[in-house]
Amino acid sequence: MKRLILALTAFMPLAPSLAQNFIPNYDESKVPDYVLPDPLQFANGQRVHDAPDWENRRIEILRLFEEEMFGVSPAWDGQMQLLELSRNNEALGGKAVQQEVKLTLERNGQWVDLVLLTYLPKGVDKAPMFVGLNFYGNHTISADEAIHVTKSWIRNNADMGYTDNRASDSNRGSRVTNWPVEEMVNRGYGLATMYYGDIDPDFDDGFANGVHALFPDEIRNDKSWGSVAAWAWGISRIVDYLEGVPGVDHGRLAVVGHSRLGKAALWAAAVDSRFTIAISNNSGCGGAALSRRRFGETVERINTSFPHWFNRRFRIYNNEEDSLPMDQHQLIAILAPHPVYIASAAEDLWADPKGEFLSAVAATPVYQLLGKEGLPVSEWPKVEVPVMGTLGYHVRKGGHGMLYYDWMQYLDFADRHWK
Ligand code: GTR
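Participant: Before we move on, could you go through helix α7 (residues 227-242) and cite the residues and values that matter?
Facilitator: With 16 residues, α7 should cover 22 Å at 1.5 Å per step; its first-to-last C-alpha distance of 23 Å lies within 8% of that length. When you tally the buried positions in α7, you get 15 out of 16 residues, the bulk of the element.

Participant: So what about the site of the ligand? Which residues, and what values?
Facilitator: What surrounds the ligand is the set F135, S259, R260, K263, E297, I302, F306, W309, W350 and H400. The separation between an oxygen atom of the ligand and a polar side-chain atom of S259 is 2.8 Å. The contact in question runs from an oxygen atom of the ligand to an N or O atom on the side chain of K263, over 2.9 Å. Among the cavities detected, the one that contains the ligand is the largest pocket.

Participant: Tell me what's going on with the pattern of salt bridges, and back it up with residues and numbers.
Facilitator: Side chains carrying opposite charge are able to pair once their charged atoms draw close together. In total, this model carries 30 salt bridges according to the counting rule given. With a shortest N-O distance of 3.5 Å, K30 and D27 are connected by a salt bridge. We classify K30 as exposed; its relative accessible area is 58%. Among the salt bridges present, the one from D202 reaches R260, with a minimum N-O distance of 2.6 Å. One end of the pair, D202, is in the loop between α6 (196-199) and α7; the other, R260, is in helix α8 (residues 260-271), and 58 residues separate them in sequence. D202 sits in the buried class, given a relative accessible area of 3%.

Participant: Tell me about the layout of surface pockets, and name the residues and values.
Facilitator: Of the voids in this model, the largest pocket is the one considered here, and its volume is about 560 Å³. Along the walls of the largest pocket sit 33 residues, with F135, H258, S259, R260 and H400 positioned nearest its centre. Looking at the lining of the largest pocket, the elements with two or more residues in it are β4 (127-134) and α8. The class makeup of the residues in the lining of the largest pocket is 15 nonpolar, 11 polar and seven charged. A volume near 400 Å³ is recorded for the second largest pocket. Around the second largest pocket sit 21 residues that line it, and D113, T150, K151, S152 and D198 are the ones nearest its centre. Counting residues per element, the ones that place at least two in the lining of the second largest pocket are β2 (96-107), β3 (110-121) and α6.

Participant: Summarise the packing of α7 against α8; cite the residues concerned and give the values.
Facilitator: At a closest axis distance of 8 Å, the pairing of α7 and α8 adopts a crossing angle of 60 degrees. Classified by the angle their axes make, α7 and α8 are oblique. Relative to α8, α7 is oriented so that their crossing is right-handed. Residues V228, A229, W231, A232 and I235 of α7 touch α8, and the partners they reach there are R260, L261, K263, A264, W267 and A268.

Participant: Describe the sheet that holds β3, and please don't skip the residues or the numbers.
Facilitator: Ordered by their spatial adjacency, 10 strands build an open sheet running β1-β2-β3-β5-β4-β6-β7-β8-β10-β9, and the pairing between neighbours is mixed. Among the strands making up the open sheet, the edge pair consists of β1 (79-90) and β9 (387-388). Where β3 and strand β5 (residues 190-195) come together, four bridges link them in antiparallel fashion. Counted as the bridge partner of L116 is M194 from β5. Where α7 meets the sheet, its contacts fall on β1, β2, β3, β4, β5 and β6 (248-258), and the angle it forms with β4 comes to roughly 150 degrees.

Participant: So what's going on with the packing of aromatic side chains? Residues and values would help.
Facilitator: Geometry of an aromatic ring pair is reported as the spacing of the ring centres plus the angle between the planes. One pass over the structure, following the stated rule, counts 26 aromatic pairs. Summarising the aromatic geometry, the rings of F130 and Y189 are spaced 5.2 Å apart at their centres and angled 45 degrees between planes, so their arrangement reads as tilted. You can see F130 sitting in strand β4 and its partner Y189 sitting in the loop between α5 (181-186) and β5, a full 59 residues away along the chain. A relative accessible area of 0% means that F130 is categorised as buried. Pairing F215 with W225 gives two aromatic rings, centres 5.7 Å apart and planes at 80 degrees, and the pair type is edge-to-face. Linking F215 in the loop between α6 and α7 with W225 in the loop between α6 and α7, this pair joins segments that are 10 residues apart in sequence. For W225, a relative accessible area of 0% translates into the label buried. Members of the aromatic cluster, each reached through a chain of ring pairs, are F130, W179, Y189, Y341, W407, Y410, F413 and W418. Above the face of the W233 ring, R237 is positioned so that its terminal group lies 4.6 Å from the ring centre.

Participant: Which residues make up the side chain of T104, and what values do they have?
Facilitator: Structurally, T104 is set in strand β2. Overall, the relative accessible area of 14% leaves T104 in the buried class. Among the polar contacts made by the side chain of T104, one reaches the side chain of D113 at a distance of 2.7 Å. When neighbours within four sequence positions are excluded, T104 is seen to be in contact with Q79, M80, Q81, W111, V112 and D113.

Participant: Give me the lowdown on the pairing of β3, citing residues and values where you can.
Facilitator: Taking burial as the measure, the 12 residues of β3 include nine buried ones, the bulk of the element. Summarising the sheet, β2 and β3 pair through 12 bridges and their orientation is antiparallel. Of the residues in β3, the one forming a bridge with E106 is W111. In this antiparallel pair of consecutive strands, β2 and β3, the connection spans two residues, and N108 shows a positive phi of 45 degrees.

What counts, and where the lines are drawn
- Throughout, residues of each chain are indexed from 1 in the direction in which the sequence is written.
- With pLDDT at 70 or above as the cut-off, local features in this predicted model cover only qualifying residues; side-chain atom pairs require 80 or more to be listed or tallied, and sums for whole chains, interfaces and linings still use all residues.
- Computation of side-chain values covers all heavy atoms of the structure but excludes hydrogens and water.
- The helix and strand labels rest on DSSP assignments: H or I over at least four residues marks a helix, E over at least two residues marks a strand, and numbering proceeds from the N terminus.
- One less than the number of residues in a helix, times 1.5 Å, gives the span that helix is expected to have.
- Relative accessibility thresholds used throughout: buried, under 20% of the residue-type maximum; exposed, over 50%; partly exposed, between the two (1.4 Å probe, protein chains only).
- Any residue with at least one heavy atom within 4 Å of a molecule or strand is counted as near it.
- A 3.5 Å cut-off defines polar contacts: any pair of N or O atoms within that distance qualifies, except that in protein one atom must be a possible hydrogen donor and the other a possible acceptor, and neighbouring residues in sequence count only when both atoms are side-chain atoms.
- Within this scheme a cavity is a closed region of a 1 Å grid, computed over the protein atoms alone, that accommodates a 1.4 Å probe without allowing it to escape, whereas a pocket is open but has protein on both sides within 12 Å along at least five of seven lines; lining residues each have an atom within 4 Å of a point.
- To decide whether a molecule occupies a pocket or cavity, check its atoms: if more than half lie within 2 Å of the grid points, it is inside.
- Should a side-chain nitrogen of Lys or Arg be within 4 Å of a carboxyl oxygen of Asp or Glu, the pair is scored as a salt bridge.
- Grid points are joined across faces, edges and corners, and a volume is the space filled by probe spheres set on the points.
- Charged means Asp, Glu, Lys or Arg here, nonpolar means Ala, Val, Leu, Ile, Met, Phe, Trp, Tyr, Cys or Pro, and polar covers whatever is left, Gly included.
- All axes are obtained by fitting lines to C-alpha atoms, using only the stretch in contact for helices, and the reported angles, taken between N-to-C directions, cover 0 to 180 degrees.
- Note on terminology: angles under 35 degrees are roughly parallel, angles over 145 are roughly antiparallel, angles of 65 to 115 are roughly perpendicular, and the others are oblique.
- Rotating anticlockwise by less than a right angle from the far helix to the near helix defines a left-handed crossing, while the corresponding clockwise rotation defines a right-handed one.
- Contact criterion: two residues are considered in contact whenever any of their non-hydrogen atoms come within 4.5 Å of each other.
- Two strands pair under a simple rule: DSSP has to find at least two bridges between them.
- Paired rings are identified among Phe, Tyr and Trp, the last through its six-membered ring, by centres lying within 6.5 Å, and are further divided according to the angle between planes into stacked (under 30 degrees), edge-to-face (over 60) and tilted (the rest).
- Either the NZ atom of lysine or the CZ atom of arginine qualifies as a charge over a ring when it sits within 6 Å of the ring centre and within 35 degrees of the ring normal.

By themselves, these are just geometric observations and shouldn't be taken as functional.
Written as structure tokens, this is what we have:
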């Protein structure tokens, strides 16, 4: 009976009062008791003994995330056309090549334009790259007037001067501190970034636009891909493009994202093994934070505020976190043996910093099974004391954001694993 009720609620519209009345728990003593699903135990109860067993268990877990949460994304069977929009061979005081390329994805007469901004350090034969989506448009990454302002739908934002859901060029360079490109380039890394709304505009539109619109033949059901999966799918198209760029080290690609885009970064790394490092910055609920803790944002709350982010089946677990067949530590575990870095911020309680840390702890046995260290500590580290093993973690002081401090740790972490 409970199952039937759960199944029915997946199709029921969520009452708006749920969002309005929601009071997040920020009290550690009120975190309920919970038992995490064991990543090293198959659904049928058998143990995972070795690496070949893990390969099968990994696929089992991946399918759970796909079918119960992010949704099933289609394989890409279209064409990609490239058009260079701008190029500066003397960017960042001559240290980098800055380029904008329009990637037009075409499938059965439908098309979508994605504009990618890349920086490649000069004097590096093959540059390792950070690949990450941005929130406010490529023109916010640098003040360079050559960079195009996105034409895609964008959330209105009085501070940014965005009205009518259109970006304006009044904010050129306003996100430079969140994207310290010069530091990356100085240390031999490149960056590839794209406005996430090019891939899928972030509103509940019934999946009629963005890359979903490339698949009009898709019959949607309660397992179909949501917006987080679409952003991850778009990130894979960036890699398709980068694979054709000779100055890029294709074996050293790190996917990075903040908040909702941190959720997308983790999912991108799970479905696309071309990423050999994944970085989650304040990804919170649906990202690195354990859902069962119900600390800060919860499954019900996220599904209510953002009904388009996950698939419809995920709503089954509104207030039913203990019946989730997986939890977010397994999203980290299925990235093993690749290095993963998880960053929290002390005042970002909505994203449950401790729950993000505990995910890394609970993923560690999988790394150890594969002969890797995982996370070197099991006690929550003090503020701004980063720990780095195959899994890395820090909790920065301050609130929600991807800041200079965070990036400095990502660069150190990448150096440690790649140099
Ligand atoms: C919040 C959302 C979080 C997080 C954040 C963000 O409104 O509740 O899950 O994704 O947005 O993306 O900045």
